[in-house]
Amino acid sequence: MEFSIYDFSSFTAWIDSSLRASMSPGWAVAVEMILIGIAILIFYAIVGLFLVYAERKVCALMQNRLGPNRVGPGGVFQTIADLVKLLFVELVPIKNADRVLFNLAPFIVIVASFMAIGAIPFAKGLQAIDLNIGVFYLMAISSMGVIGVLLAGWASNNKYSLIGAMRSGAQIVSYELSVGLALVTMVVLAGTMQLSEIIEGQRWGWFIFKGHIPAVIAFVIYIIAGTAETNRGPFDLAEAESELTAGYHTEYSGIKFAFFFLAEYMNMFIVAAIAATVFFGGWMPFHVYGWDGFNAVMDFIPPFVWFLAKTFGVVFLMMWLKWTFPRLRIDQLLTLEWKYLLPINIFNLLLMAFLVLTGLHW
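### Structural notes on the packing of helix 6 (residues 145-155) against helix 7 (residues 159-190)
Between helix 6 and helix 7, the least distance of the axes is 7 Å, while the angle of their chain directions is 160°. In terms of their interaxial angle, helix 6 and helix 7 are classed as roughly antiparallel. In the crossing of helix 6 with helix 7, the sense of the turn from one axis to the other is left-handed. Here Val 146, Val 149, Leu 150, Gly 153 and Trp 154 of helix 6 lie close against helix 7, whose contacting residues are Ser 161, Leu 162, Ala 165, Met 166, Ser 168, Gly 169 and Ile 172. Taken together, the residues that form the contact of helix 6 with helix 7 break down as 8 nonpolar, 4 polar and no charged.

### Overview of a nonpolar patch on the surface
Among the surface-exposed residues, Val 71, Val 76, Phe 77, Ile 80, Leu 83, Val 84, Leu 87 and Phe 88 lie close enough to one another that they form a single nonpolar patch of about 690 Å² accessible area. Assignment of secondary structure puts Val 71 in the loop between helix 2 (25-62) and helix 3 (78-88). Taking the relative accessible area as the measure of exposure, Val 71 reaches 32% and is therefore partly exposed.

### What to know about the domain arrangement of the protein chain
According to the domain assignment, the protein chain consists of domain 1 (8-88) and domain 2 (97-358). With 22 residues of domain 1 at the interface, the matching set in domain 2 holds 31 residues. Summing the contributions of domain 1 and of domain 2, the shared interface buries around 2300 Å²; its carbon and sulfur component is 82%. Per-residue buried area on domain 1 facing domain 2 is highest for Phe 8, Tyr 44 and Glu 55; these three make up 31% of the total on that side. Run the count over domain 1 and domain 2 and you get 2 salt bridges. In this structure, the connection of domain 1 to domain 2 is made through 5 residue pairs in polar contact (both at pLDDT 80 or more). Every element with two or more residues in the side of domain 1 that touches domain 2 is listed here: helix 1 (9-22), helix 2 and helix 3. If one sorts the elements of the side of domain 1 that touches domain 2 by residue count, helix 2 sits on top with 16 residues. Here the residues of the side of domain 1 that touches domain 2 sort into 17 nonpolar, 4 polar and 1 charged.

Calculation rules
Residues numbered from 1 in each chain as written. Predicted model: local features only at pLDDT ≥ 70, side-chain atom pairs only at ≥ 80, totals over all residues. Heavy atoms only, no water. Axes fitted to C-alpha atoms, helices over the stretch in contact; angles between N-to-C directions. Helix = DSSP H or I, 4+ residues; strand = E, 2+ residues; numbered from the N terminus. Parallel < 35°, antiparallel > 145°, perpendicular 65-115°, else oblique. Left-handed = near helix turned anticlockwise from the far one by under 90°. Contact = heavy atoms within 4.5 Å. Nonpolar A, V, L, I, M, F, W, Y, C, P; charged D, E, K, R; others polar. Patch = residues over 30% accessible without salt bridge, like charges linked within 9 Å, V, L, I, M, F, W, Y side chains within 5 Å. Areas by Shrake-Rupley, 256 points an atom, 1.4 Å probe, with all protein chains shown as cover. Salt bridge = Lys/Arg side-chain N within 4 Å of Asp/Glu carboxyl O. Buried < 20%, exposed > 50% of the residue type's maximum accessible area, 1.4 Å probe, protein only. Domains from an automatic or database assignment. Buried area = accessible area lost by both parts, 1.4 Å probe. Polar contact = N/O pair within 3.5 Å; in protein donor to acceptor, adjacent residues only side chain to side chain.

And the structure:
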């Protein structure tokens, strides 16, 4: 078997052929699904812990503080210590709570983000599933998390949790429109919803450059709406500590609280990964047509490094937004979406369609 960090297709094909040679096709598919699930679980845990640590460091940088610096070198083991603590914290039963829905809610939130990660292409051949409606699938599956949020607020038998859940529901449903229209704008430019083809279409220029001004506008709207959809500041009204203690997960403790906490950071990673894929070429290196030497240097960097660098760059931008702007009121939040972002998005979509029909884009 020839293995390359630049193309994982041969490696995944070797795993598939080896399994099918040693067992029936049905069992081979089952084992492959288990292996993919374990890989995503490990990746989920590592990236989630890293993002919590990065959030604290970025926050400290913005506020001119040190951040975690005691547990491990540079405080790198602080998030692991927090995880161990949450694993051993008692799961406090809530009086008069709807026990079934209360216990189900955190699993819905975390499973939705799990399913979204499966469709994200990390490198060539390094993707759990390449759907021909990949963008549509990600939009649909990422919106399922709000069900868990609403269930958590309703089942907790707590007025603060219920208010936080209702705020989150109104916020996510509203800003999903702008997220969807921003992605549809780029789908019009790409001519396909399949993520692998979208990336291939950016071989000689990322869409953020090829799409002219409409692509830039779509990216700005997507970042704003994506930040709001993940309940992150300055759109964190669902978790407003000064008003709602902790919002919809006020009554949760231990590992159940950790599920909500981890899912928020992984949703941020998913939003950033989609932005990196659709606007910045995903794992595709930066190429300039005719610059063969420059392109060869860019191709030397492994594709998954390109993808992670772009994704974490967008993540840093979202963290920057959180620690720069004050929290919006609920009326300001909805006004921003319905009176400004949505009309701009619709006009931008029409403008992109005009550029594509007339061939004015690069």
